[in-house]
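# Working through the structure, step by step
In case you want the letters, here they are:
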Amino acid sequence: MSDARIEGYARALFEVARAEGTLDEVEDELFRFARSYESSDALRNALTDEHVPAEKRQAIVEDLLGGKATPTTIQLVSMVVGSGRSRELPAIVDSLVQRASSAKQLDVAEVRTAVALTADQQARLKAALENSTGKSLNLKAIVDPTVLGGVVATIGDTVIDDTVRTRIDQLQSRL
Amino acid sequence: MSLLATTSLLVARVLPASEEVPFDDKGYHTEHWLFAPTWETIIASTASIIVFGLLYKFASPTVKQSFKDRTEGIQKELDDSAAAKSVAETEATRIREAKGDIDAERGRLYAEADAQAEALLTDGRARLDDEMADLEARSDADIDAAADRSADELRAEIARYSSKAVERIAYDTLDNTTQQELIESFISRVGASS
């Protein structure tokens, strides 16, 4: 999918969420759903299988998000899946998050941890990262068991990696 | 005079004349029991002389020519034989020379074959030595490469298993407390790095 098309979908989602007045929630829910989509082979296969009718794939989305996300988020994801753009969903969502952050004069800080961060930890981590980079950040916390432990933060091209996974990889390289 | 007539006359003179003896029971008689009467001897001798004279006169040239021809024929055969012998001797000499040449050629060929065989043997040994050295070198290189490869593979395996073991140990030991400590440590370190 071309960048222009991804940008087009992202702009559409952004405008719908902003029109609905749920931009922050929708942005956060879409971001978490995109990460779940990336980490789950079963979900990815189910939503990208062209042999499965679009209605069926949309029903899967509604079953997954029903009661856990806002109706706007569910409808937007269902719209993307129904239009056969499931493969580009993470890129569309990332572009949407970038667009939303830019609208709020923020940079996106993607933080991955093996266990969920508490609200207090997110706040302190955001403050620490803003203090370290000198930027106002839109923190996106992702639970990623593959990091094993520790934290990796990605802010634009800057990566601050202090995960157990990276240390093990470094140890393996040295070996 | 023929030899027979002469002999008859001499015998007649030497031997005494015999008495007439009856020849058979019919009354025929002969003058001598052995020799013919004289006139028969004379006539026979004369006839013999005539015959021998005629033979000498007419047959002698033919006989002489025959003997001469025969002599010439024999001489010719002798000459031919001598020539053939000479040719045969020449041929024999040539054959002996050829045999000598053949012997020499055979010796030369044997020597040449020996030399070639020796050269081939030497060359073959040298080539074999080279090939052996090359094979040994390649084998050494292969062994070294295999050893290096095995060592690399072993190191990779050790690293992989070590990594797996570390990962497993880390996974088992990373309880929630440790996770929180790691997160707090990260926050503190990032916050202090401004």
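Notes on the structure in this doc start here. (Residues numbered from 1 in each chain as written. Chains lettered and ligands numbered in written order. Predicted model: local features only at pLDDT ≥ 70, side-chain atom pairs only at ≥ 80, totals over all residues. Heavy atoms only, no water.)

### Details of the nonpolar core
Counting residues in hydrophobic clusters, the biggest one holds 31 residues, and the most contacted among them are Leu30 and Val77 of chain A. Mapped by element, the contributors of at least two residues to this core are α1 (3–20), α2 (23–39), α3 (41–48), α4 (54–65), α5 (71–82) and α6 (89–103) of chain A. Sequence-distant contacts of Val77 of chain A, that is, excluding residues within four places in its chain, are made with Leu30, Phe33, Val61, Leu65 and Leu89 of chain A. Residues Val151, Ile155 and Ile160 of chain A together with Ile187 of chain B belong to the second largest nonpolar core, which totals 16 residues. (Core = buried A, V, L, I, M, F, W, Y, C linked by side-chain atoms within 4.5 Å. Buried < 20%, exposed > 50% of the residue type's maximum accessible area, 1.4 Å probe, protein only. Helix = DSSP H or I, 4+ residues; strand = E, 2+ residues; numbered from the N terminus. Contact = heavy atoms within 4.5 Å.)

### Some points on the sheet that holds strand β2 (residues 137–143) of chain A
Residues and elements named next belong to chain A. Here we have four strands laid out as an open sheet, ordered β2-β1-β3-β4, and mixed in their pairing. If you trace the sheet from one side to the other, it starts and ends with β2 and β4 (158–163), each paired once. This sheet shows a mean twist of 15 degrees between the axes of neighbouring strands, independent of strand direction. Strand contacts of α2: β1 (107–113) and β2, with the helix running at about 35 degrees to β2, the strand carrying the most contacts. (Pairing = 2+ DSSP bridges. Axes fitted to C-alpha atoms, helices over the stretch in contact; angles between N-to-C directions.)

### A word on the interface of chain B and chain A
Across the contact, 21 residues belong to chain B and 24 residues belong to chain A. Between chain B and chain A lies a buried interface of about 2,100 Å² when both sides are counted; carbon and sulfur atoms form 66% of it. Summed over the three residues of chain B that lose the most area to chain A, namely Ile183, Phe186 and Ile187 of chain B, the buried surface amounts to 27% of that side. Taken together, the links from chain B to chain A amount to two salt bridges. Residues Arg189 of chain B and Asp162 of chain A are paired through a salt bridge, measuring 2.7 Å at the closest nitrogen-oxygen approach. Viewed at the interface, chain A and chain B are joined by six residue pairs in polar contact (both at pLDDT 80 or more). Going through the elements one at a time, α2 (38–173) and α3 (176–192) of chain B are the ones with two or more residues in the side of chain B that touches chain A. Ranked by the residues each element gives to the side of chain B that touches chain A, the list is headed by α3 of chain B, at 10 residues. (Buried area = accessible area lost by both parts, 1.4 Å probe. Salt bridge = Lys/Arg side-chain N within 4 Å of Asp/Glu carboxyl O. Polar contact = N/O pair within 3.5 Å; in protein donor to acceptor, adjacent residues only side chain to side chain.)

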